[in-house]
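# Tertiary structure, described
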Amino acid sequence: TKKHLTSKKSHDEACLYMPGGNTRTVLHTSPFPFTIESAHSCYLKTVDGHSYIDFLGEYTAGIYGHNHPVIRAAIEKALDGGWNYGAHSKIEQELAKAICTRFPAMEMVRFVNSGTEANMMALATALAVARDTPVKKKVLVFQKGYHGSTISGRTPSGKPSINLPHEFVLGKYNDVQGTKHLVASLPENSLAAILVEPMLGSGGCYAATCDFLSTLRNLATQNKALLVFDEVMTSRLSYHGYGTVYDIAPDLMTLGKYLGGGMTFGAFGGRDTIMSLYDPRKGQLEHPGTFNNNVFTMHAGVAGAKLLTPETLDALNERGDAMRGEIDTILRVHGIYDGCTVPSAPVVDEAVHQAVNAGRPPKMYIKGVGSLMCMHFAGPDREELQGLFWHHMLENGVYIAQRGFIALNIEITQKHVESFVSAVEEFVTQWRDEL
Ligand code: PLP
């Protein structure tokens, strides 16, 4: 607290106007969150004058780091041309083309302003497609899934926090047999959509199995329901979308976060036979949206798309894999993984994976794919350890999400990764008895 007195004062003032001084629940930290003054490259500077390496990467929206000159130039260009047209622009075509060219599942796209909105629109689309069948209203989502402020299955109680008037059904992620039974138990012809992340992002960076996703594909097809991949986070894990790694095509997909160049962004789209319902010349479905084609996002998104070549994304994901490998090694060498079902498995991740699945997770472990990962703690003192770890990393100049989520950005170099890894090693050494 002493190190952040200016942040404390700032938080006290914010509390006068926002509940708990907060407008993004996930950013609240106890006893108070720190306030950022500025950010550059991969560094955040607080109003108290402290600097942190940003390993949170704005929950994946900050893939370019801060103040990237290319994005900055694009925003300056947007400023020069004015920004509230109330009309179409060339730049929105450019972004639509960049996105549809990159993601094969996105034959046609529509823009919105957040990932939350993208998923709400995708479900609204699926329900509109099903509207001739009155009972076809159910939407299958999964525990620990997160699809935005309005659709979340990751609450501590395990109950979904869903604020939409849809008939949601909650399945267990990666449970092939259970999901088949669940769908079979539904009233005939009632399933309209299946909404799933190909890797649980906020839910802890657990990847789907190929078997699970292909089961969902088959269940959707058999039930004439739409399969929606929420790739708001995972699209960065593979140039053409994480679904393509499994060679499974959804009917609709949603995007968000970094694809707007760090500006507010979301997109939904998919098969052109479905998306053409939005063709205003046919007058079937409406989707107006004042800021759908907002000029800053369109410019920043196009600049970002040019920056993120397949090579850049591959390098970023390889850096993440290597970082996780190093952390795994530390945890194994210090005996934290002892007792995992296959301690000598060639891929540590696989041994931990099996232990987690068997309900015997180590007290500390890391999960993830490429540039996205999450540090987990298990056992009765899980929350205390998670809090200790978060504070320990801050003390070592590293900023991550409180719940352990980490997203690399392209400004992070080997030097920063080394700082991160050695801070983890110090934590493990210091708290070995508790782990
Ligand atoms: N879908 C997934 C998979 C997400 O991780 C998130 C945000 O974390 C969202 C949707 C919601 O996006 P937004 O915060 O832009 O509304």
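As shown above, the structure is provided for reference.
What comes next is a walk through the structure. A quick note: this is a predicted structure, and the numbers were derived from the prediction, not measured.

So, how was this worked out
Residues numbered from 1 in each chain as written. Predicted model: local features only at pLDDT ≥ 70, side-chain atom pairs only at ≥ 80, totals over all residues. Helix = DSSP H or I, 4+ residues; strand = E, 2+ residues; numbered from the N terminus. Rg over C-alpha atoms; globule rule 2.2 N^0.38 Å. Buried ≥ 20, exposed ≤ 12 C-beta atoms within 10 Å, placed from the backbone. Contact = placed C-beta atoms within 7 Å. Pairing = 2+ DSSP bridges. Axes fitted to C-alpha atoms, helices over the stretch in contact; angles between N-to-C directions. Near = placed C-beta within 6 Å. Nonpolar A, V, L, I, M, F, W, Y, C, P; charged D, E, K, R; others polar. Parallel < 35°, antiparallel > 145°, perpendicular 65-115°, else oblique. Left-handed = near helix turned anticlockwise from the far one by under 90°. Core = buried A, V, L, I, M, F, W, Y, C linked by C-beta atoms within 7 Å. Domains from an automatic or database assignment.

## A closer look at the overall build of the protein chain
A tally of helices and strands in the protein chain yields 12 helices and 18 strands. Taking 2.2 N^0.38 as the reference for a compact globule, 435 residues should give roughly 22 Å; the C-alpha atoms of the protein chain span a radius of gyration of 22 Å, in line with that estimate. Principal-axis analysis of the C-alpha atoms places the extent of the protein chain at approximately 65 × 55 × 45 Å. Taken over 435 residues, the protein chain has a buried fraction of 45%. In the protein chain, the proportion of contacts linking residues at least 24 apart, taken out of those at least 6 apart, comes to 69%.

## Let's talk about the sheet that holds strand β8 (residues 167-171)
Strand order in the open sheet formed by seven strands is β4-β14-β13-β12-β9-β5-β8, and the pairing between neighbours is mixed. Lying at the two open borders of the sheet, with one neighbouring strand each, are β4 (108-112) and β8. Along the sheet, successive strands turn relative to each other by an average axial angle of 20°, direction set aside. Sheet topology places strand β5 (residues 138-142) next to β8; five bridges connect them, and they run parallel. Opposite K138, over in β8, you have E167 as the bridge partner. Contacts from helix α5 (residues 176-184) reach β5, β8 and β9 (191-196), with the element oriented near 150° to β8.

## A word on the pairing of strand β1 (residues 36-40)
Across four bridges, β1 lies against strand β2 (residues 43-46) in antiparallel orientation. Note on β2: the bridge partner recorded for I36 is T46. Hairpin remark: β1 followed by β2, antiparallel, with two residues in the connecting loop; positive phi at S41, about 50°.

## Re the sheet that holds strand β16 (residues 372-377)
Read from one edge of the open sheet, three strands run β15-β16-β18, paired in antiparallel fashion. Every interior strand has two partners, whereas the edge strands, β15 (364-369) and β18 (405-407), have only one. Going from strand to strand, the sheet's axes swing by 20° on average, the running direction of each strand aside. Packing of helix α9 (residues 310-333) onto the sheet brings it into contact with β15 and β16, and relative to β15 it is tilted by some 165°.

## Concerning the site of the ligand
Around the ligand, a shell composed of 16 residues is seen, among which S114, G115, T116, G148 and V232 lie nearest. For the shell around the ligand, the per-class residue count stands at four nonpolar, 10 polar and two charged.

## A look at the packing of α5 against helix α6 (residues 210-222)
Taken N-terminus to C-terminus, the directions of α5 and α6 make an angle of 15°; their axes are 10 Å apart at the nearest point. It follows from the interaxial angle that α5 and α6 lie roughly parallel. Taken as a pair, α5 and α6 cross one another with a handedness that is right-handed. Contact residues: α5 offers V176, T179, K180 and V183, while α6 offers D211, F212, T215 and L219. Tallied by class, the residues present in the contact of α5 with α6 amount to four nonpolar, two polar and two charged.

## Focus on the nonpolar core
Counting residues in hydrophobic clusters, the biggest one holds 111 residues, and the most contacted among them are A126, A193, I194, M199, L226 and V228. In terms of residues, this core owes the most to one element, helix α4 (residues 115-129), which gives seven residues. Each of two domains, domain 2 (69-307) and domain 3 (309-367 + 394-410 + 427-435), supplies a minimum of three residues to this core. When sequence neighbours within four positions are dropped, the list of residues in contact with A126 reads A192, A193, L226, V228 and L252.

## Some details on the packing of α9 against helix α12 (residues 414-430)
Where α9 contacts α12, the two axes come as close as 10 Å, and the packing angle between them is 20°. If you check the angle between α9 and α12, you find them roughly parallel. Of the two possible hands of crossing, α9 and α12 adopt the one that is right-handed. Contacts between α9 and α12 pair R319, M323, E326, I327, I330 and L331 from the former with V417, F420, V421, V424, E425 and V428 from the latter. Looking at the contact of α9 with α12 residue by residue, the classes come out as nine nonpolar, no polar and three charged.

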